[in-house]
Amino acid sequence: MRAAACVTAILSIAAGGGFAASGAFAAAAWKPDKVVEIVVNTAPGNSPDKTARAIQKIIQDRKLAEAPVTVSNRVGGGGAVAYTYLNQRPADGHFIAIASKAILTNHIMGRGPNPADFTAIAHLFDEYVAITVKADSPIKSGRDLVERLKQDAGAVSFGIATSLGNINHQSVATVLKEAGIDIKKTRNVVFQSGVLARTAMLGGHVDVVPMALGTAAGPLQNSQLRIIAVAAPKRVPGLFANEPTWREQGYDVVMSNWRSVIAPKGLPASQVAYWEQTLVRVTETDEWKKDLEANFWDSDFLGSAATRKLMESDHAKIKAFLIELDLASSK
């Protein structure tokens, strides 16, 4: 975990574009004086929704805000519905949203709003991807998978949730590209959710499914699947302690579907500072740490300015990857 103290420094307001403004972590003059909405672009029960409800509960239980806090699920358009709703309330800190790396991928592929039009508030944690197969699969490891595909790029089918080019797809395709395999020739089946992709694999309809660690946990405990690689920088403790990373198998690939908080465009520095301070307090609680452990999330708090830089860096990397797949324009 990066030290929360990284946001105690004075953060200047971003000039002319980028991932919006940042403010000082000093005591903010602004406080919400009406209902706060945490906007989520998925249905209840999904990972972004769990994140929002964990934040909501801690703020309320710990009385970190005087105003009521609600979670607003606005599903549709690959996040466009939620993010359009958010940005219809410019400069209003009563509205924040949970964002994942999908906000970058969707924009690059022409399916969502420009992340630069929002205010980056904080980066909360990383959610790493596991590459999974059925328990009785002949594919024994990540390296075994790569060797099979070197012989025939179409020899194995992949179940990808929820779109080509996203973090799940990248967690495998980046390795294959590094190994010299033509990733355009791989066989990919797209599913509407990670659970559906997992179900299809367990039913023998696809061979390999990259999925969030939390999605893999139950079937792993029940011996329904095996993990052939984890796209984490090092082994994940606990349930996944025996599962090798891509790095251990010779491929320097780390992929996480991070979770961040964003706000409408033009948010004043005082409101950014309020939310930075509040979210630091949330992430320091025992309740938050238990939620991280239960969901296999890796704590990595960053303040507004650092979050903006992370999003800009990831945007450039993802765009280059998607251009190579012919899933995005080079313009």
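The model shown is predicted, which means the values in this text are computed figures rather than measured ones.

Undergrad: Explain the packing of helix α1 (residues 47-61) against helix α9 (residues 286-295) to me, and be specific about the residues and the numbers.
TA: Taken N-terminus to C-terminus, the directions of α1 and α9 make an angle of 160°; their axes are 10 Å apart at the nearest point. The orientation of α1 relative to α9 falls into the category roughly antiparallel. Like other packed secondary-structure pairs, α1 and α9 cross with a definite hand, here right-handed. On α9, the residues touching K50, T51, A54, I55 and I58 of α1 are E287, W288, D291 and N295. Along the lines of polarity and charge, the residues of the contact of α1 with α9 split into four nonpolar, two polar and three charged.

Undergrad: Give a detailed account of the packing of aromatic side chains, specifying residues and quantitative values.
TA: Taken as a whole, this structure holds eight aromatic pairs when the rule is applied. Taken together, a centroid distance of 6.1 Å and an interplanar angle of 80° make the contact between Y85 and F95 edge-to-face. Residue Y85 is located in helix α2 (residues 80-87), and its partner F95 is located in strand β3 (residues 95-100); the two are separated by ten residues in the primary sequence. Given a relative accessible area of 12%, Y85 falls into the buried group. Consider the rings of F125 and W288, whose centres lie 6.1 Å apart with planes at 50°: the pair is tilted. One end of the pair, F125, is in strand β4 (residues 119-126); the other, W288, is in helix α9, and 163 residues separate them in sequence. Looking at F125, the relative accessible area reads 0%, which means it is buried.

Undergrad: I'd like to hear about the packing of helix α5 (residues 167-178) against helix α10 (residues 304-324), residue by residue, with values.
TA: Taken N-terminus to C-terminus, the directions of α5 and α10 make an angle of 70°; their axes are 12 Å apart at the nearest point. The angle between α5 and α10 falls in the class roughly perpendicular. Crossing of α5 over α10 shows left-handed handedness. Residues Q170, A173, T174 and K177 of α5 form the contact with α10, whose own contacting residues are I318, F321 and E324.

Undergrad: Let's hear about the side chain of N257: which residues, and what values?
TA: With respect to the helices and strands, the residue N257 is situated in the loop between β9 (225-230) and β10 (259-263). A distance of 3.2 Å separates a polar atom in the side chain of N257 from the backbone nitrogen of K101. Filtering out sequence-adjacent residues up to four positions away, N257 remains in contact with S100, K101, A102, E127 and I167.

Undergrad: A description of the sheet that holds β4 should follow, citing residues and the corresponding values.
TA: What links the strands of a sheet is backbone hydrogen bonding, and the strands pair in either a parallel or an antiparallel sense. Within the open sheet, the six strands sit side by side as β2-β1-β3-β10-β4-β11. Their pairing is mixed. Only two strands of the sheet have a single partner each, and these edge strands are β2 (69-73) and β11 (298-302). Between one strand and the next, the sheet's axes are offset by a mean angle of 25°, whatever the strand orientation. Of the strands in this sheet, β1 (36-40), β3 and β10 are in contact with α2, which crosses β3 at around 150°.

Undergrad: Describe the layout of surface pockets, listing the residues and the values that go with them.
TA: Size it by volume and the largest pocket reaches roughly 1100 Å³. Lining the largest pocket we find 45 residues, and of these T42, N46, P48, T162 and N257 sit closest to its centre. Mapped by element, the contributors of at least two residues to the lining of the largest pocket are α1, β3, α3 (102-108), α5, α6 (194-202), β8 (208-212), α7 (213-221) and α9. For the lining of the largest pocket, the residue count by class is 16 nonpolar, 23 polar and six charged. Its boundaries defined by the atoms lining it, the second largest pocket holds a volume of some 620 Å³.

Undergrad: Give a description of empty space enclosed by the protein that names residues and reports values.
TA: Considering all chains together, one arrives at one cavity of 30 Å³ or more under this definition. Its volume calculated, the largest cavity comes out at about 40 Å³. No other element matches the four residues that α5 contributes to the lining of the largest cavity. Residue composition of the lining of the largest cavity, grouped by class: five nonpolar, three polar and no charged.

Undergrad: Explain the pairing of β3 to me, using residue names and the numbers behind them.
TA: Most of β3 sits inside the fold, with six of its six residues counted as buried. The alternating pattern of β3 places F95, A97 and A99 on one face and I96, I98 and S100 on the opposite face, and all of these are buried. When β1 meets β3, the two strands line up parallel, connected through three bridges. Paired with E37 across the bridge in β3 is F95. Pairing between β3 and β10: four bridges, direction antiparallel. Each residue of the ladder has a partner; that of I98, found in β10, is V261.

Cut-offs applied
Residues numbered from 1 in each chain as written. Predicted model: local features only at pLDDT ≥ 70, side-chain atom pairs only at ≥ 80, totals over all residues. Heavy atoms only, no water. Axes fitted to C-alpha atoms, helices over the stretch in contact; angles between N-to-C directions. Helix = DSSP H or I, 4+ residues; strand = E, 2+ residues; numbered from the N terminus. Parallel < 35°, antiparallel > 145°, perpendicular 65-115°, else oblique. Left-handed = near helix turned anticlockwise from the far one by under 90°. Contact = heavy atoms within 4.5 Å. Nonpolar A, V, L, I, M, F, W, Y, C, P; charged D, E, K, R; others polar. Phe/Tyr/Trp six-rings, centres within 6.5 Å; stacked < 30°, edge-to-face > 60°. Buried < 20%, exposed > 50% of the residue type's maximum accessible area, 1.4 Å probe, protein only. Polar contact = N/O pair within 3.5 Å; in protein donor to acceptor, adjacent residues only side chain to side chain. Pairing = 2+ DSSP bridges. 1 Å grid on protein atoms, 1.4 Å probe; cavity = no way out; pocket = protein on both sides within 12 Å on 5 of 7 lines; lining within 4 Å. Points joined across faces, edges and corners; volume = space filled by probe spheres on them.

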